[in-house]
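# Coordinate analysis (summary)
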Amino acid sequence: MCLAVPGKILALHEGAQATVDMMGATRNASVRLTPDATVGDYVLVHAGFAIEVIDAEQARETIEILRDLEELEADELSGAIAGA
């Protein structure tokens, strides 16, 4: 399964690189596939590449879903440990 994570562009650098905040983690990503992306834009990042510019609402919704999945996984792990 492939997953693209939303992030906010914090800075653009030479060589079509960007610093992106992805759910509190700062990462570098290529913006070669999204040449119109600017600082403050939200992008979907997959395998180190910003693959699409998205709006802030879509980014918020996706981040919320990802956080819900993290909580579900944590609940399942704690249940599995308790049952061991």
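Below: a short report on this structure. It should be emphasised that the depicted structure is a prediction, and the values quoted were computed from it without experimental measurement. (Residues numbered from 1 in each chain as written. Predicted model: local features only at pLDDT ≥ 70, side-chain atom pairs only at ≥ 80, totals over all residues. Heavy atoms only, no water.)

### Focus: the side chain of T19
- Tracing the chain through its elements places T19 in strand β2 (residues 17–22).
- Ignoring sequence-local partners within four residues, the contact set of T19 consists of K8, I9, L10, A11, H13, T26, R27 and N28. (Helix = DSSP H or I, 4+ residues; strand = E, 2+ residues; numbered from the N terminus. Contact = heavy atoms within 4.5 Å.)

### Looking at the pairing of strand β1 (residues 5–13)
- Alignment of β1 against strand β4 (residues 42–46), held across four bridges, turns out to be antiparallel. Bridge pairing in β4 links P6 to L44.
- Across five bridges, β1 lies against β2 in antiparallel orientation. Bridge assignment links A11 to a residue of β2, and that residue is T19.
- In textbook terms, the turn of a hairpin is the stretch between consecutive antiparallel strands, and for β1 and β2 this stretch comprises three residues, one of which, G15, has a positive phi near 75°. (Pairing = 2+ DSSP bridges.)

### Observations regarding the pattern of salt bridges
- Evaluation of the coordinates by the stated rule reveals two salt bridges.
- The closest approach of N and O atoms between E57 and R60, which form a salt bridge, is 2.5 Å. Linking E57 with R60, this pair stays in helix α1 (residues 56–83), spanning three residues, or about one helical turn.
- Between E64 and R60 there is a salt bridge whose closest N-O contact spans 2.9 Å. Here E64 and its partner R60 are both found in helix α1, four residues apart, which amounts to about one turn of the helix.
- Residue R60 is classed as partly exposed on the basis of its relative accessible area of 41%.
- What emerges from the salt-bridge pattern is a single network uniting E57, R60 and E64. (Salt bridge = Lys/Arg side-chain N within 4 Å of Asp/Glu carboxyl O. Buried < 20%, exposed > 50% of the residue type's maximum accessible area, 1.4 Å probe, protein only.)

### Re the nonpolar core
- V5, I9, A18, V20, M22, A29, V31, A37, V43, V45, A50 and L66 together form the largest nonpolar core, which totals 12 residues.
- Secondary structure elements with two or more residues in this core: β1, β2 and β4.
- The element contributing the most residues to this core is β2, with three residues.
- In contact with A29, other than residues within four places in its own chain, are A16, Q17, A18, V20, V45, G48 and A50. (Core = buried A, V, L, I, M, F, W, Y, C linked by side-chain atoms within 4.5 Å.)

### Structural notes on a nonpolar patch on the surface
- Taken together, the side chains of L33, F49 and I51 make up a nonpolar region of the molecular surface, amounting to roughly 280 Å² of accessible area.
- Mapped onto the elements of the fold, L33 is located in the loop between β3 (25–30) and β4. (Patch = residues over 30% accessible without salt bridge, like charges linked within 9 Å, V, L, I, M, F, W, Y side chains within 5 Å. Areas by Shrake-Rupley, 256 points an atom, 1.4 Å probe, with all protein chains shown as cover.)

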